[in-house]
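Next come the chains, spelled out residue by residue.
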Amino acid sequence: VVTSKVCRGALIVMEGCDRSGKTTQAKLLKKTLDDAGKPTDFMCFPDRSTQIGGIINNYLKCGTELEDHAIHLLFSANRWELLPKIKMTLAKGTNIVIDRYAFSGVVFSAAKEGMSLEWCKKSDTGLPKPDLVLYLDVSEKDVQKRGQFGAERYEKEEFQKRVRANYELLKDDTWRIIDASLSIDKLQEVIKEEALKVINKTKDEKIPELWV
Ligand code: FDM
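Cut-offs used in this document
- Residues numbered from 1 in each chain as written.
- Predicted model: local features only at pLDDT ≥ 70, side-chain atom pairs only at ≥ 80, totals over all residues.
- Heavy atoms only, no water.
- 1 Å grid on protein atoms, 1.4 Å probe; cavity = no way out; pocket = protein on both sides within 12 Å on 5 of 7 lines; lining within 4 Å.
- Points joined across faces, edges and corners; volume = space filled by probe spheres on them.
- Helix = DSSP H or I, 4+ residues; strand = E, 2+ residues; numbered from the N terminus.
- Nonpolar A, V, L, I, M, F, W, Y, C, P; charged D, E, K, R; others polar.

Just checking my understanding: could you explain the layout of surface pockets for this structure?
Once rolled over the atoms, a probe with the size of a water molecule shows which space is left empty. Of the voids in this model, the largest pocket is the one considered here, and its volume is about 490 Å³. Lining the largest pocket are 25 residues, and of these D18, F45, P46, R48 and R100 sit closest to its centre. Breaking the lining of the largest pocket down by element, the ones donating at least two residues are helix 1 (22-35), helix 3 (68-80) and helix 5 (102-109). Looking at the lining of the largest pocket element by element, the count peaks at 4 residues for helix 5. Classifying every residue of the lining of the largest pocket gives 8 nonpolar, 7 polar and 10 charged. In this structure, the second largest pocket spans a volume of roughly 240 Å³. Along the walls of the second largest pocket sit 14 residues, with D131, T174, R176, V198 and K201 positioned nearest its centre. Considering every element that reaches the lining of the second largest pocket, the biggest residue donor is helix 9 (residues 184-202), with 5 residues. Looking at side-chain class alone, the lining of the second largest pocket contains 4 nonpolar, 2 polar and 8 charged residues.

Structure, rendered in structure tokens:
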């Protein structure tokens, strides 16, 4: 009897500063991988469609004030509430591309006065560790050239500078730093190549845990 074993999907995360083209590239990557015969789901954090996501959405739109630690924990809870979905998807062999993850959680919260990086990491510790983090890198000058920030809470130049500096402290060997000034197509080509490599490499590996 030949039993075929289902290989797990890969967890791929897109990170980067606002206006880096993350969301465009993440959605494109889902399609690129589907087209290459590698079934892939797209997710994003915050996922504003849940009850917790609704509170986060209201906070980001400056409709409510929340204490810094409290909102940090809600962002984190929003990831934990989707853990069953992430696990099930990977287990059936479908890859997931996520637009932002715990790294955003840490770099944004820790950019606030009195919030330490180490404290911020604690509430996401133990979540699945991504197999690949694609970091879209935009120089500060280019961020300014890309036009006005929007009206959401964190879309301010000074804050984004601190966010950018915090990202530097989280990078490890699962990260690929991608030059976001490339054209949309060229960027996607580079990203696709990295994704295919990692899907192949991790398909028989256990899913590691974040920050343990
Ligand atoms: N953000 C995002 C956080 O502060 N913590 C988190 O855990 C996550 C996932 O929310 F300013 C911030 C980052 C950004 C805002 O992100 C909403 P989108 O990608 O613009 O929806």
